[in-house]
Amino acid sequence: MATLAEPRTEGAIDRFRAEARDWLAANFPPELKGKDNSMSAVEGPTQETPAQKAWREAIGAKGWGVPTWPAQYGGGGLSRAEARVLQEEMARIGAWNPIGGMGVMMFGPTLLEYGSEAQKSAHIPAIARGEVRWCQGYSEPNAGSDLANLQTFAEDRGDHYVVNGQKTWTSGGQWADKCFCLVRTDKSQKQGGITFLLIDMDAPGVEVKPIQMISGMSPFCETFFTDVKVPKENRVGEEGQGWTIGKRLLQHERTNLSGGGSAFRMAGPSLAEAAKAYAGVDAEGRIADSDLRARIAKWEMDWRTFQLTAMRVMAESKAVGGVSEVSSILKTVGTKLGQERAELMIEIQGMDGLGWEGEGFTPAQLHGVRAWLFGKATTIYGGSTEIQNNVIAKRILGMLDHQ
């Protein structure tokens, strides 16, 4: 796997900060301040405005959408220190990264480690420019928590495979261009019979059916493969290596789902701001409800502790070559804190936080309710909390089963 650029001296970092500040001033459209990344929206891709398109193309050409990825594949080639400076300068002006999605969060880092030179050259640049959407073909109706039980089968036909089977909970499958998929190539062994394939979502025989969630959104799909031809060059690694590669990808996924791979912030107003607006303030300007005030303070301390821990863990992981099993801790804690925040926000808003549709509610209030409901899934997808606790117990704490 390509390594990060060597760290620069303090003077060089100062010069890079000036460079980043000047480049952002020249290229970030002010009207996009505070907007979201449409490429990775839960509700699906939105139509880009001319300004959004110009911003995505500019940062994609610069490679700063994936700042620490190797420059030879379209990344920024920056050191971790430079990437932090870039993030700080973007936050200073309210800029956001338009390059995202599963290609950045999960597949790209994994391909950089396990892919062939031809595969990296073929796929990484398009991810770095935000031109291709990827989805994940992992879970099946009878292979969720026990993912290694997957039965989607890829039959070897010489220069290609023929894939038949079904995946479920395929996030963004109806909008994706390509799918990184775990399939079975050997029925005689469980983990050792799994292979990692790349499948075009517009290939003949691929069908998706969106699943509507309790939140009213349909970000997940059932995906069916019927005699789908996949060229051998779309196999990452060797036959039977899929379980190893797939677990590595899950570590990247869990880190990012926890918030550990993000800019370490929660979207929307702070809990304190919302509480003051809805519950009022006392004579000293504090949140009037003392119990609510105490619970918000506790959440803020827990969240800040998590932020600092996540940054430390990520720095340590990168120093030794990437994410590790500690991603299970980040996923468990980060998703729990996200759910707690959503619950507190609903409580703060009272009846205004229970709207589903219609008049009497602001768009932000309606979005908050649906996001609160959608957030119930975060402790399930990407590996349930129970699975993460098993990983933590066995691989971090060394607690083995006793006969």
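A quick note: this is a predicted structure, and the numbers were derived from the prediction, not measured. (Residues numbered from 1 in each chain as written. Predicted model: local features only at pLDDT ≥ 70, side-chain atom pairs only at ≥ 80, totals over all residues. Heavy atoms only, no water.)

**Focus on the pairing of strand β3 (residues 160-167)**
Here is step 1 of the chain: Where strand β2 (residues 153-156) lies against β3, four bridges are found, and the strand directions are antiparallel. Residue pairing for β3: E155 is matched across the bridge by V162.
Here is step 2 of the chain: Two successive antiparallel strands, β2 and β3, enclose a turn made up of three residues, where G158 displays a positive phi of approximately 90 degrees. (Pairing = 2+ DSSP bridges. Helix = DSSP H or I, 4+ residues; strand = E, 2+ residues; numbered from the N terminus.)

**Section: a nonpolar patch on the surface**
Here is step 1 of the chain: A surface patch of nonpolar side chains, about 420 Å² in accessible area, is lined by I329, V333, I396, L397 and M399.
Here is step 2 of the chain: Among the structural elements, I329 can be located in helix α9 (residues 327-349). (Patch = residues over 30% accessible without salt bridge, like charges linked within 9 Å, V, L, I, M, F, W, Y side chains within 5 Å. Areas by Shrake-Rupley, 256 points an atom, 1.4 Å probe, with all protein chains shown as cover. Salt bridge = Lys/Arg side-chain N within 4 Å of Asp/Glu carboxyl O.)

**Regarding the nonpolar core**
Here is step 1 of the chain: Counting 49 residues, the largest nonpolar core has W55, W64, L86, F107, Y138, F180 and F196 as the members making the most contacts within it.
Here is step 2 of the chain: Listed by contribution, the elements that provide at least two residues to this core are α1 (10-27), α2 (50-62), α3 (80-93), α4 (102-114), α5 (117-128), β4 (178-184), β5 (194-200) and α6 (242-258).
Here is step 3 of the chain: Ranked by the residues each element gives to this core, the list is headed by α4, at six residues.
Here is step 4 of the chain: Ignoring sequence-local partners within four residues, the contact set of L86 consists of F16, A20, L24, W64, P67 and L78. (Core = buried A, V, L, I, M, F, W, Y, C linked by side-chain atoms within 4.5 Å. Buried < 20%, exposed > 50% of the residue type's maximum accessible area, 1.4 Å probe, protein only. Contact = heavy atoms within 4.5 Å.)

**Overview of the pairing of strand β7 (residues 220-231)**
Here is step 1 of the chain: When β3 meets β7, the two strands line up antiparallel, connected through seven bridges. If you follow H160 over to β7, its bridge partner there is P231.
Here is step 2 of the chain: The pairing of strand β6 (residues 206-211) with β7 spans six bridges and is classified as antiparallel. Residue P210 lies in a different strand from β7, and its bridge partner there is C221.

**Describing the packing of aromatic side chains**
Here is step 1 of the chain: One pass over the full model with this rule turns up 13 aromatic pairs.
Here is step 2 of the chain: Judged by centre distance (6.1 Å) and plane angle (10 degrees), the rings of F220 and F374 are stacked. Here the residue F220 occupies a position in strand β7, and F374 occupies one in helix α10 (residues 363-374), the gap between them amounting to 154 residues. Considered together, F220 and F374 belong to a single accessibility category, that of buried residues.
Here is step 3 of the chain: Ring plane angle 10 degrees and centroid distance 5.7 Å describe the contact between W299 and W303, whose orientation is recorded as stacked. Here W299 and its partner W303 are both found in helix α8 (residues 290-319), four residues apart, which amounts to about one turn of the helix. Exposure class is identical for W299 and W303. Each is buried. (Phe/Tyr/Trp six-rings, centres within 6.5 Å; stacked < 30°, edge-to-face > 60°.)

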